[in-house]
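Each chain, written out:
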Amino acid sequence: MRLFDEHAVLRFALLFACFLFAAFIPDILGFTDSVKNFIPYFAAIVFLAYVSVFYRFPTTSSAKKLRNDVEIPVQASSATVRDLQKDLLERDEMFQMMVDISSDGFWTFDVPTGKVYWSNRVAKVLGIDINDMGDSFDSLKGCSMESDWENFRSELSNSLKENRPFSVKLRLITSDDLREVLISGRPQFSDERPIRVIGSIGLNVDKATIERQNYFYAYQDSLTGVYNRTFFLEKLKSDVDASAKRPDYTFAVALLDIDSFGAINDSFSTNFGDNVLRIVADRIKNSCRDNDCVARIGPDVFAVILHNIQGGGSEDDLMPIVRRLHNNVKMPIQLDGRELYITVSMSVVVNREVDCVEDIMANANAILRDLKKNGDHGGIQFFSGGIREKAMKLYKLEYEIRRAIQMKEFVLMYQPIVNINDGNKVVGFEALVRWNNSEQGIIPPAEFIPIAEETGLIVPMGALILKMACEQTKKWVDMGYENIKVAVNFSAKQFALDNMVEDVRKILAETRLNPKNLKLEITEYTAMCEVEKTIEIMRALSSMGLQISIDDFGTGYSSLSYLKRYPIHTLKMDKSFVDHVADDEEDAAFARMVISIAKSLNLDLIAEGVENADQLEFLRREGCSQIQGFYFSKPLTPAEALKYMKDHYQADVEVRA
Ligand code: C2E
Ligand code: MG
Ligand code: MG
């Protein structure tokens, strides 16, 4: 409690002076009978009396600067603070309940100490860890836009001077987004002195903010912060439109594809892979000019629109920008104490040669595809006319494949697999797809499977193939060929599908085929991708009772330690090793090695592509008994395959016609 108030004493003294003035001065000066002289005298007394009662004495003389430069009057005594703290304690429970149920955060600014107390909710609203909030406005200041912060500071100061509430908007830049909050406060006074400010802080969900946030989510890639595919295509469209209006306007599109990105994820972790993507995105942004549009348009593919390209060695010249981009992205990456070397394949298309969004993208993609196919990792390729034709062809093919799936234009051929240790009896078939095109006739798989894989069309196509193969096999089993096994090729994309095991189970159930009659072939390369996931899928499949073959064995450099862990049944030695077993000692040695690997892992071995008696003799001598190849039979239609079986199925089985 304060003993006396100096302002009250002053008021009292002034009033007392008025009284003396009124009682004695007129007599002393001798103008009591003159009204003219009395008026100014009376006005002076009234003025003095008014001042003594109503004047608000300034307090700023004792003000000191507290944290964050907010001008706050100093507390005369700490006793008032103690009282208020006590008061606050009494209401603490109710206040806490209000704080807990509110979606806003609360804060108090203690004027005497300059300390700020934050409720837990504030951290959520601001997107900052509560431990980083501290007991000042520093963390808020750190993420606010400068002009907004100045506005808040002056509003807070004025509210303390004028004892009025305030409310201001703050735009915050946090690590992953831009948000707007509304911060409000009301000062609390005691004996005309501000003792604290109590305030709230909540997300400002006005229309503009929502629009900004929607924009962020709709157009930004949340992982890397660059634009996403949707925005990129819109921007590309506006550049295409601009060049239609101004024929001299030149822009370029560059696609950058990180080579073997899957291997980075597999070898380290997806988290590590995500950080690599962030670093690459930053490098691309820093290598471009400010107004260029950088986007992530695929898991490991970035795209850049280089607007308004000029020639003649200016800073808008295409070549230096492209070189800078390509050089910067492939610099070694230091991450988690590791040094990582990546290569990036890049394609560049300039709008002078192609003039619509679809053509530009089709060409840029076709170039990348070519680079990858030719093993030209880390290369740069510019668009040229030949590629345009090819891109158009591929575009058309993709459309045609889509249509062919709907029209069920795919047919299966069956190539026999025979056991040369058992009188060349047929033990199974490999189902090989053909496209029976109404205009071009039969098209081999090499011409459409790679495109189907790239476009993802292999997934519906693969399901169709599996169903056709199972239906056919079931017919043969029902005819009495109960032990026949039909192998169906599975592409990497199909194998990686989350519900792949379920889909296979469903098709087996639908066709009522016993799983023992089905084999799935995956290439050695596919088997080596995402090893742990592959093992898991293989286990699930073999526990269903079907068998798994590793196709094209010898081409994928698989390690023996992995092979040992795979629940597989068969290796298929690739044709390229069989071709020269009879006349090339190196190939013969390799074939012997594959045969011994199969034996030591206790796996069946099938030699693919056997075409002549010399190859067959070699394989027989070395102990490879299962043979597939033109020497015995080319792939056959179902009717031909049935005839083949009739002639070469195990003799002791009675077959129903
Ligand atoms: P693959 O799975 O290694 O199939 C063996 C290929 O070798 C077949 O070619 C077959 O006709 C051919 N071939 C077999 N014996 C001989 C021979 O003695 N000499 C010669 N020159 N060739 C022989 P095809 O049918 O053209 O298939 C090529 C590839 O297309 C297949 O290689 C497989 O990777 C893929 N493929 C075929 N059908 C399917 C399918 O239904 N789904 C998927 N995902 N891929 C398929
Ligand atoms: Mg195969
Ligand atoms: Mg093969």
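Above this text sits the structure in question.
Structural notes, computed from the coordinates. (Residues numbered from 1 in each chain as written. Chains lettered and ligands numbered in written order. Predicted model: local features only at pLDDT ≥ 70, side-chain atom pairs only at ≥ 80, totals over all residues. Heavy atoms only, no water.)

**Brief notes about the coordination of the magnesium ion (ligand 2)**
The coordination sphere of the magnesium ion (ligand 2) contains the protein donors E430 (OE), N489 (OD1), E521 (OE) and D551 (OD), at a distance range of 2.0 to 2.2 Å. Written as a sequence motif, the donor residues of the magnesium ion (ligand 2) are E-x58-N-x31-E-x29-D. By relative accessible area, which is 28% here, N489 ends up partly exposed. Owing to a relative accessible area of 6%, D551 belongs among the buried residues under this scheme. (Donors = N, O, S within 2.8 Å, 3.2 Å for Na, K, Ca; no water. Buried < 20%, exposed > 50% of the residue type's maximum accessible area, 1.4 Å probe, protein only.)

**Examining the packing of aromatic side chains**
Summed over the entire model, instances satisfying the criterion amount to 21 aromatic pairs. Summarising the aromatic geometry, the rings of F137 and F152 are spaced 5.3 Å apart at their centres and angled 80° between planes, so their arrangement reads as edge-to-face. With F137 in the loop between α5 (120–126) and α6 (138–143) and F152 in helix α7 (residues 146–162), the pair connects residues that are 15 residues apart, well separated along the chain. Judged on exposure class, the residue F137 and its partner F152 are both buried. Each residue in the set W107, F109, W118, F137, W149, F152 and F166 is aromatic and connected to the rest through ring pairs, giving one cluster. Sitting above the plane of the F630 ring, K634 keeps its charged end 4.9 Å from the centroid. (Phe/Tyr/Trp six-rings, centres within 6.5 Å; stacked < 30°, edge-to-face > 60°. Helix = DSSP H or I, 4+ residues; strand = E, 2+ residues; numbered from the N terminus. Lys NZ or Arg CZ within 6 Å of the ring centre and 35° of its normal.)

**A closer look at the coordination of the magnesium ion (ligand 3)**
Taken together, D551 (OD), D552 (OD), E608 (OE) and E608 (OE) make up the full set of protein donors to the magnesium ion (ligand 3), lying 2.1 to 2.4 Å away. Look at where the donors of the magnesium ion (ligand 3) fall in the sequence and you get D-D-x55-E. In this structure, the magnesium ion (ligand 3) lies 4.0 Å from the magnesium ion (ligand 2), and both are coordinated by D551. You can see D552 sitting in strand β21 (residues 547–553) and its partner E608 sitting in strand β23 (residues 604–608), a full 56 residues away along the chain.

**Quick word on the sheet that holds strand β15 (residues 380–382)**
Within the open sheet, the 6 strands sit side by side as β8-β10-β11-β9-β14-β15. Their pairing is mixed. Both edges of this open sheet fall to β8 (227–228) and β15, since each of them pairs with a single strand only. Sheet analysis places strand β9 (residues 252–258) next to strand β11 (residues 301–306), joined by 6 bridges and oriented antiparallel. Along β11, the bridge assignment pairs A254 with V304. Sitting on the sheet, helix α11 (residues 270–287) is in contact with β9, β10 (293–298) and β11, with an inclination near 10° to β11. Where helix α13 (residues 357–373) meets the sheet, it contacts β9, β10, β14 (344–350) and β15, and its direction lies at approximately 145° from that of β14. (Pairing = 2+ DSSP bridges. Contact = heavy atoms within 4.5 Å. Axes fitted to C-alpha atoms, helices over the stretch in contact; angles between N-to-C directions.)

**Examining the site of ligand 1**
If you check the shell around ligand 1, you find 22 residues, and the closest are E430, R434, D551, E611 and F630. E430 places a polar side-chain atom, nitrogen or oxygen, 2.9 Å from an oxygen atom of ligand 1. Side-chain polar atom of N489 to an oxygen atom of ligand 1: 3.0 Å apart, as the coordinates give it. Considering ligand 1 on its own, with 790 Å² of exposed area, one finds that the protein chains cover 79% of that surface. The set of elements that each furnish at least two residues to the shell around ligand 1 consists of β17 (425–437), α16 (458–478) and β21. With 4 residues, β17 is the single largest residue contributor to the shell around ligand 1. (Near = heavy atom within 4 Å. Polar contact = N/O pair within 3.5 Å; in protein donor to acceptor, adjacent residues only side chain to side chain. Areas by Shrake-Rupley, 256 points an atom, 1.4 Å probe, with all protein chains shown as cover.)

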